[in-house]
Amino acid sequence: MTQVKGKRRYDSTGRQAQAQRNRQVILDAAERQFLDTGYAATTIAEIAREAGVSVETVYKAFGGKSGLVRAIYERGLTGRAMVPAFERSDEMREQETDPRTIMRKWGVLTAEVSSLVTPIRLLMRSAATTDPEMAALLDDIDDERMERARHHARFLAARGHLRAGVTLAQATDILWFCTSVELSETFLLKRGWSPRRYARFVADFMIASLLPQHDPNDDSSDKGPDA
């Protein structure tokens, strides 16, 4: 009896891996060109040429220059680990009970992400003055940051961590400010602070602005990175 061969199952793993590699190469090329020559002067054709892909591939994956900028920004939000920074933040805050420890670790994550996304956020801010798509993207990102800040402020309020008199709205605004590009630009870029020093500053600011006064004789739960 003749054995009938079944159809071979298509394995897309290799294709998906190649697509992911192409995506990263395109984003690397786009980020270099945007930061070196500016948003307006950068073309999709030049990005495709440097990345070694077709113009059609870039458009298909990202939709255009504003889509590339958003993707570069979102890649930076992941941070320097495999698990995205926002996931690490949420997991950490559920495990920790001391609010100062939470804010110390938030400071570290803020510095980690800010060191990656500040240059591209400054590009957005500059381009937004003349490009409607970039202005809309900047508004979207600010809204997303505000929602993230509100997410953390609600957590602090629900746990009873906020100092008496600090409202949910005030806590949201303070946390939102801590992720502002103006803050990271000033200290990380203009003043040349290390991420470690910046992390300490952000944590100190959150603690002083949001939490009850800490007993200076009890430093057991308030040890952050040195400046």
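Please refer to the structure higher up on the page.
Predicted model, so just to flag it, every value in this text is computed and none were measured.

1. Brief notes about the layout of surface pockets
In step 1: In this structure, the largest pocket occupies an estimated 680 Å³ of space.
In step 2: As for the largest pocket, its lining consists of 25 residues, of which Leu77, Phe86, Val113, Arg148 and Thr179 are closest to the centre.
In step 3: Contributing elements (two or more residues each) for the lining of the largest pocket: α4 (65-78), α5 (85-95), α6 (99-127), α7 (132-158) and α8 (168-178).
In step 4: Of all the elements, α6 adds the most residues to the lining of the largest pocket, at seven residues.
In step 5: Here the lining of the largest pocket is built from residues that sort into 14 nonpolar, six polar and five charged.

2. Some words on the packing of α4 against α6
In step 1: Across the interface, α4 lies against α6 with an axial gap of 8 Å and an inter-helix angle of 165 degrees. Judged by the angle between their axes, α4 and α6 are roughly antiparallel. Pair α4 / α6 crosses with left-handed handedness. Here α4 contributes Val69, Ile72, Tyr73, Gly76, Leu77 and Thr78 to the contact with α6, which in turn contributes Glu112, Val113, Leu116, Val117, Ile120, Arg121, Leu123 and Met124.
In step 2: Counted by class, the contact of α4 with α6 contains ten nonpolar, two polar and two charged residues.

3. Looking at the environment of Gly38
In step 1: One can find Gly38 in the loop between α1 (13-37) and α2 (44-51).
In step 2: Classification of Gly38 as partly exposed rests on a relative accessible area of 22%.
In step 3: Gly38 sits 86 residues away from Met124 along the chain, and the two C-alpha atoms are 9.9 Å apart.

4. Examining the environment of Met146
In step 1: Considering the arrangement of structural elements, one finds Met146 in helix α7.
In step 2: Along the chain, Met146 and Asp173 lie 27 residues apart, while their C-alpha atoms are 7.7 Å from each other.

5. Notes on the packing of aromatic side chains
For any pair of aromatic rings, the description consists of the separation of the ring centres together with the inter-plane angle of the planes.
In step 1: Considering all chains together, one arrives at seven aromatic pairs under this definition.
In step 2: Here the aromatic rings of Phe34 and Tyr39 are separated by 5.5 Å at their centres, their planes lie at 25 degrees, and the arrangement is stacked.
In step 3: In textbook terms, an aromatic cluster arises when at least three aromatic residues are bridged by ring pairs, as seen for Phe177, Phe187, Trp193, Tyr198, Phe201 and Phe205.
In step 4: Seen from the ring of Tyr39, Lys65 lies directly overhead, with NZ or CZ sitting 4.6 Å from the centre.

6. Here we look at the pattern of salt bridges
In step 1: Within this structure, the stated rule accounts for 18 salt bridges.
In step 2: In this structure, Arg75 and Asp28 form a salt bridge, with 2.9 Å as the shortest nitrogen-oxygen distance. Of this pair, Arg75 sits in helix α4 while Asp28 sits in helix α1, and the two are 47 residues apart along the sequence.
In step 3: Looking at Arg75, the relative accessible area reads 24%, which means it is partly exposed.
In step 4: Residue Glu31 is joined to Arg75 by a salt bridge in which the shortest nitrogen-to-oxygen separation is 3.1 Å. Taken as a pair, Glu31 in helix α1 and Arg75 in helix α4 lie far apart in primary sequence, 44 residues in all.
In step 5: One network of salt bridges, with partners in common, ties together Asp28, Glu31 and Arg75.

Thresholds, definitions, all that
- Residues numbered from 1 in each chain as written.
- Predicted model: local features only at pLDDT ≥ 70, side-chain atom pairs only at ≥ 80, totals over all residues.
- Heavy atoms only, no water.
- 1 Å grid on protein atoms, 1.4 Å probe; cavity = no way out; pocket = protein on both sides within 12 Å on 5 of 7 lines; lining within 4 Å.
- Points joined across faces, edges and corners; volume = space filled by probe spheres on them.
- Helix = DSSP H or I, 4+ residues; strand = E, 2+ residues; numbered from the N terminus.
- Nonpolar A, V, L, I, M, F, W, Y, C, P; charged D, E, K, R; others polar.
- Axes fitted to C-alpha atoms, helices over the stretch in contact; angles between N-to-C directions.
- Parallel < 35°, antiparallel > 145°, perpendicular 65-115°, else oblique.
- Left-handed = near helix turned anticlockwise from the far one by under 90°.
- Contact = heavy atoms within 4.5 Å.
- Buried < 20%, exposed > 50% of the residue type's maximum accessible area, 1.4 Å probe, protein only.
- Phe/Tyr/Trp six-rings, centres within 6.5 Å; stacked < 30°, edge-to-face > 60°.
- Lys NZ or Arg CZ within 6 Å of the ring centre and 35° of its normal.
- Salt bridge = Lys/Arg side-chain N within 4 Å of Asp/Glu carboxyl O.

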